[in-house]
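An overview of the molecular structure
The residues making up each chain are set out below.
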Amino acid sequence: MLTIGAFAKASRLSPKALRLYDELELLRPARVDPETGYRYYAVEQLEQARLVAWLRRLGMPLARIRQVCALDEPAAAREIRAYWARVEAETATRRDLAAFLVDHLSQASEEDTVMLELRYAALSDTGLVRPANQDTAYAGTRVLAVADGFGSGGAPASTAAVEALKVLDSETLPAGSVLNLLEDAVQGATRAVRDIAATDEEVGTTLTAMLWTGSQLALVHIGDSRAYLLRDGELFRITHDHTLVQSMVDEGRLTVEEAAAHPQRALLLKGLTGGASVPAPDMRLQDARPGDRFLLCSDGLYGTLTETDIERTLASVPNPEEAVHTLVAGANDAGGPDNVSCVVADVVEARA
Ligand code: MN
């Protein structure tokens, strides 16, 4: 048995930290003298004391440290990997929000030399298997949107979410308030979906939408529809699926290939639903250059065609109208297992 002083020295932790760990039930002394209250530690506790100190330095919450300390080494390693993957995913979301704010606040002072505008097309199709189309796709001068409804009121839910965003197409956008406008519109969409779904959490819709500001696109995203950017002939996915399988991929528990074939691949972690607390969607600002081509689509497209197929079509079909028809036809040629929706928008220099 070591006294707290000797144990502190051996573990390179202060007696104060050891008393704190005791109070927090992270590391209990092996024996406490009932008379004097002195704490005694076993030599075998050194390893655990160091682990606690490292996990505290990592910023792991106390409850989770307690769990990790109770596991054997391989299980503890898996838990730490999963915890860190979660931290990185959350940091990425915050980084995007920070970039959005920086862009948003810097934009007011920038002067645009080139006027840009969008050429766009939208198409939604039932596919060959589903009895009805619960998807909604829309493209206007400023608003691009895809929504994939689910549950008994899926079709009206996706329609209502997109309708709530369409108001942005008819309003003149006051400079510098794009963030607020989009946020208000999303709140409107959330309320509209809640009205339709009542309190049913199984009814709702995904929503992936972009608002054109004249030089940039504000992006809002919740669920598993996606936005892609084709730039210089290369396809980039610019949204993150809010699905169980994506979170398992993030945590290193599943490969991308396993996720694509997983029986629960459609299980959403986030969506606009009738649930009491709808989680906040991802929001960020996306820069746009002449020649950029954006694609918004439901899972009926990317779940049926490979990203290579999608990239090839987007890179080879010149106008948006023809591109959305080619993509939808491609999904239906591949069996059309789900409703399929696409919006294609090209960033072009405005004709004077
Ligand atoms: Mn779908």
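As the structure is a prediction and not an experimental result, all values here were calculated from the model.

Attention now goes to the pairing of strand S11 (residues 234-237). Two faces belong to every sheet, and in a regular strand the side chains alternate between them. Examined bridge by bridge, strand S10 (residues 226-231) and S11 share 4 bridges and lie antiparallel to one another. Each bridged residue has a counterpart across the sheet, and for Leu229 the counterpart in S11 is Phe236.

Here helix H6 (residues 154-170) is 17 residues long and its end C-alpha atoms lie 26 Å apart, about the 24 Å a rise of 1.5 Å per residue gives. A maximum bend of about 25° is found in H6 at Ala164. Packing partners of the buried residues in H6 comprise strand S5 (135-139), strand S6 (143-150), helix H7 (178-197), strand S7 (204-205), strand S8 (207-212) and strand S12 (272-273).

Let us look at the sheet that holds S11. Here we have 5 strands laid out as an open sheet, ordered S4-S15-S14-S10-S11, and antiparallel in their pairing. With one partner strand each, in any of the chains shown, strand S4 (116-125) and S11 form the two edges of the open sheet. Mean inter-strand twist for the sheet, computed between neighbouring axes without regard to direction, equals 20°. Here 5 bridges tie strand S14 (residues 293-297) to strand S15 (residues 340-349), and the two strands are oriented antiparallel to one another. Each residue of the ladder has a partner; that of Arg293, found in S15, is Asp346. Packed onto the sheet, helix H11 (residues 307-316) meets S10, S11, S14 and S15 and runs at close to 125° relative to S11.

What follows is about the side chain of Ser158. Relative to the helices and strands, Ser158 is located in helix H6. The buried category is assigned to Ser158, whose relative accessible area is 0%. In terms of polar contacts, Ser158 uses its side chain to reach the backbone carbonyl oxygen of Ala155, at 3.2 Å. For Ser158, the contacting residues outside a window of four places in its chain are Gln134, Asp135, Thr136, Ala147, Asp148, Gly149 and Thr205.

A word on unusual backbone geometry. Even without glycine at this site, Arg12 takes up a positive phi of about 55°. If you trace the backbone, Arg12 turns up in the loop between helix H1 (4-11) and helix H2 (15-23). Given the relative accessible area of 73%, Arg12 is considered exposed.

Quick look at the domain arrangement of the protein now. For the protein, the assigned domains are domain 1 (2-70) and domain 2 (115-349). A separation of 50 Å is found between the C-alpha centroids of domain 1 and domain 2.

The sheet built from 3 strands is open, its strands ordered S1-S3-S2 with antiparallel pairing. The strands lining the two open edges of the sheet, one partner per strand, are strand S1 (2-3) and strand S2 (31-32). With 2 bridges joining them, S2 and strand S3 (residues 39-41) adopt antiparallel strand pairing. Bridge pairing in S3 places Arg31 opposite Tyr40.

Cut-off values and rules
- Positions within a chain are numbered from 1, following the residues in the order the chain's sequence is written.
- The predicted origin of the model limits local features to residues at a pLDDT of at least 70 and limits the giving and counting of side-chain atom pairs to 80 or more, whereas totals for whole chains, interfaces and linings rest on all residues.
- Side-chain measures were taken over the full set of non-hydrogen atoms in the model, leaving aside hydrogen atoms and water.
- When DSSP finds two or more bridges between a pair of strands, those strands are recorded as paired.
- The secondary structure listing takes helices from DSSP runs of H or I that are at least 4 residues long and strands from runs of E that are at least 2 residues long, numbered from the N terminus.
- Every helix has an expected span of 1.5 Å times one less than the residues it contains.
- To get the bend at a residue, fit one axis to the 7 residues ending there and another to the 7 starting there, then take the angle between the axes.
- We call two residues contacting when some pair of their heavy atoms lies within 4.5 Å.
- The convention used is that axes are lines fitted to C-alpha atoms, helices contributing only their stretch in contact, and that angles between N-to-C directions extend from 0 to 180 degrees.
- Exposure categories follow from relative accessible area, calculated using a 1.4 Å probe and restricted to protein chains: below 20% of the type maximum is buried, above 50% is exposed, and the middle band is partly exposed.
- Distance and chemistry together define a polar contact, namely a pair of N or O atoms within 3.5 Å, with one atom able to donate a hydrogen and the other to accept it when in protein, and with adjacent residues in sequence counting only for side-chain atoms on both sides.
- Each domain span listed reflects an automatic or database assignment of domains.

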